[in-house]
Amino acid sequence: MDDGTVFLPNDLYSLEKETFRLYYTSASTDQQTIDIYIIDSFGQMQQISFSFNNENNKDDE
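Quick notes on the rules
- Residues numbered from 1 in each chain as written.
- Predicted model: local features only at pLDDT ≥ 70, side-chain atom pairs only at ≥ 80, totals over all residues.
- Heavy atoms only, no water.
- Helix = DSSP H or I, 4+ residues; strand = E, 2+ residues; numbered from the N terminus.
- Buried < 20%, exposed > 50% of the residue type's maximum accessible area, 1.4 Å probe, protein only.
- Contact = heavy atoms within 4.5 Å.
- Areas by Shrake-Rupley, 256 points an atom, 1.4 Å probe, with all protein chains shown as cover.
- Pairing = 2+ DSSP bridges.
- Phe/Tyr/Trp six-rings, centres within 6.5 Å; stacked < 30°, edge-to-face > 60°.
- Polar contact = N/O pair within 3.5 Å; in protein donor to acceptor, adjacent residues only side chain to side chain.

### Here's the deal with the overall build of the chain
Here is step 1 of the chain: When you go through the chain residue by residue, the secondary structure sums to zero helices and two strands.
Here is step 2 of the chain: Scored against the burial criterion, the 61 residues of the chain give a buried share of 8%.
Here is step 3 of the chain: In the chain, the share of contacts with a sequence separation of at least 24, taken over all contacts with a separation of at least 6, comes to 12%.
Here is step 4 of the chain: Split by element, the accessible area of the chain, about 6,000 Å² in all, is 47% carbon and sulfur.

### Section: the pairing of strand E1 (residues 32-39)
Here is step 1 of the chain: Examined bridge by bridge, E1 and strand E2 (residues 45-52) share eight bridges and lie antiparallel to one another. In the sheet register, Ile-36 faces E2, and the bridge partner there is Ile-48.
Here is step 2 of the chain: Here E1 folds back onto E2, and the loop between the two strands holds five residues, one of which, Gly-43, carries a positive phi near 85°.

### Here we look at unusual backbone geometry
Here is step 1 of the chain: Phi at Asn-10 is positive, roughly 65°, even though this residue is not glycine.
Here is step 2 of the chain: Summarising the element assignment, Asn-10 is placed in the segment before E1.
Here is step 3 of the chain: Accessibility expressed as a relative area gives 82% for Asn-10, which makes it exposed.

### Things to note about the packing of aromatic side chains
Here is step 1 of the chain: Evaluation of the coordinates by the stated rule reveals one aromatic pair.
Here is step 2 of the chain: Centre to centre, the rings of Phe-7 and Tyr-13 are 4.4 Å apart; their planes meet at 55°, and the pair counts as tilted.
Here is step 3 of the chain: What makes Phe-7 partly exposed here is its relative accessible area of 28%.

### A look at the environment of Ile-39
Here is step 1 of the chain: For Ile-39, the position within the fold is in strand E1.
Here is step 2 of the chain: On the accessibility criterion, Ile-39 (44% relative accessible area) is partly exposed.
Here is step 3 of the chain: Apart from residues no more than four positions distant in its own chain, Ile-39 is found in contact with Leu-12, Gln-44 and Met-45.

### Looking at the side chain of Gln-32
Here is step 1 of the chain: Tracing the backbone shows Gln-32 in strand E1.
Here is step 2 of the chain: A polar atom in the side chain of Gln-32 sits 3.2 Å from the backbone oxygen of Asp-30.
Here is step 3 of the chain: For Gln-32, the residues in contact, after removing those within four places along its chain, are Tyr-24, Ser-26, Phe-50, Ser-51 and Phe-52.

Structural data, given as structure tokens:
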């Protein structure tokens, strides 16, 4: 996160602010999918999924 917190897979983390920034660096050339689950204090859950491909700029050199 923007405060330097490194997340572990499949763990829950409390958010102190309404807005957060998540940094992700892929070490793979395969398609990636990240699922983020947001659970509010009432136990309601929302899932957001992101899918993307890694860009390999080494071929441009």
